[in-house]
Amino acid sequence: MKITLKVWRQKSKDAKGEFKTYPLDHVSQDMSFLEMFDVLNNDLVRKGEDPVAFDHDCREGICGMCSMYINGRPHGPLQTTTCQLHMRTFKDGETITVEPWRAKAFPIIKDLVVDRTSFERIQQAGGYISVNTGGVPDANEIPIPKIDADKAFDAAACIGCGACVAACKNASAMLFVSAKVSQLALLPQGQPERKTRVENMVAQMDAEDFGACTNTLACEAECPKGISVTNIARMNREYFSAKASSENA
Amino acid sequence: MKLDSKIPEGPLAEKWSKHKFNLKLVNPANKRKYEVIVVGTGLAGASAAASLAELGYNVKAFCFQDSPRRAHSIAAQGGINAAKNYRNDGDSIYRLFYDTIKGGDYRAREGNVYRLAEVSVDIIDQCVAQGVPFAREYGGLLDNRSFGGAQVSRTFYARGQTGQQLLLGAYSALNRQIANGKVKMYTRTEMLDVVVSDGKARGIITRDLITGKIEAHSGHAVLLCTGGYGNVFFLSTNAKGSNVTAAWRAHKKGALFGNPCFTQIHPTCIPVSGDHQSKLTLMSESLRNDGRVWVPKVARPGLKAKDAVAIPEADRDYFLERKYPSFGNLVPRDVASRNAKYACDEGRGVGSGLAVFLDFADAIKRDGRKVIEAKYGNLFDMYQQITGDNPYEMPMMIYPAVHYTMGGLWVDYNLMTSVPGLYALGEANFSDHGANRLGASALMQGLADGYFVIPYTIGDYLANLGWSDKISTDHPAFRESLENVQSRIQKLLSIKGRKTVDELHRELGLTMWDYCGMSRTEEGLKKAKTKIQALRAEFWENVNVLGSNNELNQELEKAGRVADFMELGELMVDDALNRSESCGGHFREESQTPDGEALRNDEKFTYVSAWEYKGDNQPEVLHKEELIFENVKPSQRSYK
Amino acid sequence: MNWFTNFFSSTLGRKLMMALTGLFLILFLAVHLAGNLQLLKSDGGRAFNVYAHFMTHNPLIVTISVVNFAFIAIHIIWAAILTRRNRAARGPVGYAVTNNSSSLTSRNMGILGTLILVFIVIHLRSFWYETHFGNIPLVDYDGSPVKDLFTVVDVAYTQLWFVVLYVVSMAIVGFHLYHGFGSAFQTLGLNHVKYNPAIRFIGVAFSIVVPVLFALIPILMFLDITIG
């Protein structure tokens, strides 16, 4: 099949970017979207042109590295990761526009590669249970109702790709942060630090200049792992009750 | 060079406890005076970095991804073994030890493997305490399943994403230490050399992948937790970024490379769809619990899955069930893989010719679509997303793919390589899986090394070294390393040839797959050696790497890695040539039983091959570490 | 008190303010509608005028009305602050192509809110200002003089453009409520598998019924139709 690619090219963080158009005429329907970019880059290198920089690693939909905004949607038209999107989803002759994630908290590094270390700092602010290696109770001494374990798992399925931020008109990170908060708030192991965790993670989220949630639910619709906005409601509850009752005056 | 595995004396079950007691300790107040460098942040690296920081050491951790959480441990699906015996089904530390030794076809050390089984139980406790959401039963306790043909249910799992959940657990522990200031984390930073001085590892040279800045980092010890080298085959189930560079650089600085030819080929992967293929996707082998593997009895070139439904039972060859009536479709990974290859070699492959069917029609008929959907729904969806075929209506097509490398840097019982102060953990070392790894054991080994082995063993080295024994980055050894790294990068950038890095990598991969893949012959391996040497020469004359060093330059990153793969590939071939027996994942066609099964040669090959680098274009020197079996008696595997 | 100001300057704290003030204004709408429906009574405006007199003279109600104005102001100011932050969060360059998976209403609460503000200004000028500062004739009900606000309204609704303005504005209010109602519960953290259907149903019903009834008043008065 033939396609036309419109790709955002930007040399570095502060350089001015622009769209470049690349016609591709030997695209197979069986290619993944990233393989199509491999083909483009191979062509570009042969022509002596700078290949398009893009993030990717596992290419099986779990590492959360790939991050393309395709035809106006994060990870493209299907609710999956970019690496799992295949060219058979597109029509022959289609023009496909590819942009990087756009958020103040995700500055562009080059072309389609953005800096998501703001997510790291949010997790470092409290996304853990403070246990040292060794000296922990036997695993089965902590019974957890299956329903809670399952809900915690649903939240833990987040791969940290940032599609929620990219999709949100406010570039809000609340789906991501709430998934992390929820996982640990739902488990008995997470209780001792429950209040400080949500207070600190939300504070860091705000410090990173993410927007506020206006409940448009675009994040949930685009999340490749189907993380639910019920997590945002839970984070709100956790935060309000922590603020009201924690000793952290 | 005399290889000393440092396996402690005494009864198997007491070795580790005795050893722990005999190891020197670092005074708690002195721990903060030591700096430990951890390269790689997968299960082994993240758990090691966090645990060492908790003890009080200062840690610098490095990963090439934008977050430690993205290391390829994250992609492990099936589960993690532990000898908890929560199911009351006869499991024990000894049984896990025995299964692992046997599964590795008696090419691993008893002492190491027993320790692995011993600490496996602590791993589960640790992960649960961190909040890892393992599967649970309605009573609230942990669920287990039997995995990879094991006779007991000892596998803990978190849906199909056990690797991700375990890594997130280790990553959260790491984050806590980053927040504490005990770990300094360097993301998007790649290690390009180990600095050795006075025969000890003193630090590393790194490249900042965004700015291209080459930097020196000095430390008292260096831990390589950099994963496996399956990407030497170009197509594998590894992440695109997975590479051998750190391990290879260490090898060239004196660390021996153990059993490089031991590669695991996983039978249930999605077949190659065309020349554009960039990686292969693994589907959990649990699929073989219900799927039946077959090809047509008579060759039907280009047979499509949707046309397979019409082929009558009588014209199908369920070759695994036919050849291995007692294990059937559940034979070990290497046997299943090899037999798929044979079927395709006979011309009976389907689709592109390099695929066999995995059929669920009978299972759906027997249990109903609902049951199958509950068990495999996500895998079926993934398959459909990638191939466009619906496995509920037609058989899947599968083909084996490179999945894991049992070989790696040679380490002693303390996980130290042959370079003092340089350690290798997880898939990067060769230690615990012998010639073949059991399902759900990779996660176990990575975390065992990081959480429960290295925190003890490193103390002994550091206590003996003393905190003042550290060199600054101005030392000539650092400067020399730094210059070497820089000139290599300049060389890569200056060639400006006609082939892209990927093209050359693909050629290497194809050669490796054809001659050093699922089955190997002396003739083929010799041919491969010549081909790889020629390819390597071509690489250094004809590769085209655009751009400069001072920017995000993904082609440059790839080029450096592929250059190392070229050298590693040759060593793998040398190792495969030397080992003229068949064992585990290594099948030499010259060594098989009359009915075509792998034939081990314990008399000649009960040893670990540890290769020593002797300089560019010099043949590597083989050292042998004899394996001693005091507790188990090696027996020939049989799945008939 | 540091924690308190911290809390209300956090994104979540500000959202909470939006939700709480929003819910209060929703309640206000219900009460306001109940009162206004008396305009349709065929009693020459008596019930409405008595009601209006009560609402402007009862000390509790007067206090609540001050709170109500304050909440409207907070709702607007906080919305402006959040919108500014949210715009900035996208970064210096926006997307060239967007293909939204969210509803048009949910994305445009700010625009809807601004239009509603314009309406409120006109509405207050026409009636609230007249009531308080205008020259409204008195009527005498059983010996107590009461301002004849009914007539002011009745006269205003003889102008077609004014009626159209009200009907259009009520449609806008309806869309604003359609997202706002459920959104407020989500922000408060009231998201529960058992109660979500009820919240959704009441939200949709409220956002249709209330504006429709509000809009019916000028239409019926324009057509001189009275009920009961």
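All residue numbers refer to position in the chain's written sequence, counted from 1. Just so you know, chain letters begin at A and ligand numbers begin at 1, following the order they were written in. Whole-chain, interface and lining totals are the exception, using all residues; otherwise, since this is a predicted model, local features are given only for residues with pLDDT of at least 70 and side-chain atom pairs are given and counted only at 80 or more. Excluding hydrogens and water, the side-chain figures rest on all heavy atoms present in the structure.

## Some thoughts on the interface of chain A and chain C
Part 1 of the argument: Contacts are assigned to residue pairs that have any heavy atoms within 4.5 Å of one another. Taken together, the 46 residues of chain A in the interface contact 34 residues of chain C.
Part 2 of the argument: Put simply, buried area is how much 1.4 Å-probe accessible surface two parts lose in total, over both of them, once they are put together. Interface area for chain A against chain C, summed over the two sides, is near 3,400 Å², with a carbon-plus-sulfur share of 54%.
Part 3 of the argument: Of all residues in chain A, Arg102(A), Asn215(A) and Phe240(A) give up the largest surface area on contact with chain C, accounting jointly for 18% of the area buried on that side.
Part 4 of the argument: Every case where a carboxyl oxygen of Asp or Glu lies within 4 Å of a side-chain nitrogen of Lys or Arg is listed as a salt bridge. Here chain A and chain C share zero salt bridges between them.
Part 5 of the argument: Pairing of N or O atoms within 3.5 Å defines a polar contact, subject to two protein rules: one partner must be a possible hydrogen donor and the other a possible acceptor, and residues neighboring in sequence count only if both atoms are side-chain atoms. At the junction of chain A and chain C, the tally comes to 26 residue pairs in polar contact (both at pLDDT 80 or more).
Part 6 of the argument: Helix and strand labels come from DSSP, where a helix needs a run of H or I of at least four residues and a strand needs a run of E of at least two; each type is numbered from the N terminus. When residues of the side of chain A that touches chain C are traced back to their parent elements, those giving at least two are β5 (95-99), α4 (163-167), α6 (194-207), α7 (218-222) and α8 (230-245) of chain A.
Part 7 of the argument: Examining the composition of the side of chain A that touches chain C, we find that nine residues originate from one element, α8(A), more than from any other.

## Quick notes on the packing of aromatic side chains
All names here are of chain B.
Part 1 of the argument: Only Phe, Tyr and Trp rings take part, Trp by its six-membered ring, and two of them pair if their centres are within 6.5 Å. Stacked means planes under 30 degrees apart, edge-to-face means over 60, and tilted covers everything else. Taken as a whole, this structure holds 52 aromatic pairs over all chains when the rule is applied.
Part 2 of the argument: When the centroid spacing of 6.0 Å and the interplanar angle of 75° are considered together, the rings of Trp16 and Tyr413 count as edge-to-face. Here Trp16, found in helix α1 (residues 15-22), pairs with Tyr413, found in the loop between β16 (408-409) and β17 (422-424); they are 397 residues apart in sequence, far enough to count as distant. Each member of the pair, Trp16 together with Tyr413, is buried.
Part 3 of the argument: Taking the centre distance of 5.4 Å and the plane angle of 80° together, the rings of Phe539 and Trp540 count as edge-to-face.
Part 4 of the argument: The exposure class assigned to Phe539 is buried, which follows from its relative accessible area of 0%.
Part 5 of the argument: Lysine and arginine charges are scored as sitting over a ring when NZ or CZ, respectively, is within 6 Å of the ring centre and within 35 degrees of the ring normal. Geometry around Tyr413 places Arg115 over its ring, the cationic atom sitting 4.1 Å from the centre.
Part 6 of the argument: Positioned above the aromatic ring of Trp294, the side-chain terminus of Arg316 is 4.1 Å from the ring centre. Summary of the burial criterion: residues with accessible area below 20% of their type's maximum are buried, those above 50% are exposed, and those between are partly exposed, where the area comes from a 1.4 Å probe applied to protein chains only.

## A word on the UniProt feature "transmembrane region" (unreviewed entry) in chain C
All names here are of chain C.
Part 1 of the argument: Residues annotated in UniProt with the feature "transmembrane region" (unreviewed entry) correspond here to residues 60-82, 109-128, 160-178 and 199-223.
Part 2 of the argument: Annotation note: span residues 60-82, helix share 100%, strand share 0%, distance between end C-alpha atoms 32 Å.
Part 3 of the argument: When the span residues 199-223 is considered, its composition is 96% helix and 0% strand, and the gap between its end C-alpha atoms is 35 Å. UniProt positions are given in the numbering used here, feature names are shortened, and annotations may be inferred rather than shown by experiment.

## A few points about the sheet that holds strand β1 (residues 35-39) of chain B
Residue and element names in this part refer to chain B.
Part 1 of the argument: Strands pair, by our definition, only if DSSP identifies at least two bridges between them. With parallel pairing, five strands are arranged side by side in an open sheet as β5-β2-β1-β9-β17. On the outer flanks of this sheet lie β5 (183-186) and β17, each paired with one strand and no other. Strand-to-strand, the axes of this sheet are offset by a mean angle of 20°, without reference to chain direction.
Part 2 of the argument: Here five bridges tie β1 to strand β2 (residues 58-62), and the two strands are oriented parallel to one another. Bridging across to β2, Ile37 finds its partner in Lys60.
Part 3 of the argument: Set on the sheet, helix α12 (residues 442-465) makes contact with β1, β9 (221-224) and β17; between it and β9 the angle comes to about 150°. All axes here are fitted lines through C-alpha atoms, helices being fitted over the stretch that makes contact, and every angle between N-to-C directions spans 0 to 180 degrees.

## Observations regarding the packing of helix α14 (residues 501-516) of chain B against helix α16 (residues 554-578) of chain B
All names here are of chain B.
Part 1 of the argument: In the contact formed by α14 and α16, the axes pass within 10 Å of each other and the chain directions differ by 20°. As summarised for this structure, α14 and α16 are arranged roughly parallel, according to the angle between their axes. Crossing angle aside, the handedness with which α14 passes α16 is left-handed. Contact residues: Val501, Asp502, Leu504, His505, Leu508, Met512 and Cys516 in α14; Glu555, Lys558, Ala559, Val562, Phe565, Met566, Gly569, Met572, Val573 and Ala576 in α16.
Part 2 of the argument: Of the residues belonging to the contact of α14 with α16, the class tally is twelve nonpolar, two polar and three charged. When an angle is under 35 degrees it counts as roughly parallel; over 145 it counts as roughly antiparallel; between 65 and 115 it counts as roughly perpendicular; any other value is oblique. By convention, the crossing between two helices is left-handed when the near helix turns anticlockwise from the far helix through less than a right angle, and right-handed when the turn is clockwise. For this classification, the nonpolar set comprises Ala, Val, Leu, Ile, Met, Phe, Trp, Tyr, Cys and Pro, the charged set comprises Asp, Glu, Lys and Arg, and every other residue, Gly included, is treated as polar.

## Looking at the interface of chain A and chain B
Part 1 of the argument: Every contact between the two is made by 75 residues of chain A and, on the other side, 74 residues of chain B.
Part 2 of the argument: Summing both partners gives a buried area of about 6,200 Å² for chain A against chain B, and 51% of it is carried by carbon and sulfur.
Part 3 of the argument: In this assembly, chain A and chain B are joined by eight salt bridges.
Part 4 of the argument: Among the salt bridges present, the one from Arg188(B) reaches Asp55(A), with a minimum N-O distance of 2.8 Å.
Part 5 of the argument: The interface formed by chain A and chain B holds 51 residue pairs in polar contact (both at pLDDT 80 or more) in total.
Part 6 of the argument: Counting only elements with at least two residues in the side of chain A that touches chain B, the list comes to α1 (33-46), β6 (108-110), β7 (113-114), α2 (117-124), α3 (146-156) and α5 (174-185) of chain A.
Part 7 of the argument: Split into classes, the residues belonging to the side of chain A that touches chain B amount to 35 nonpolar, 20 polar and 20 charged.

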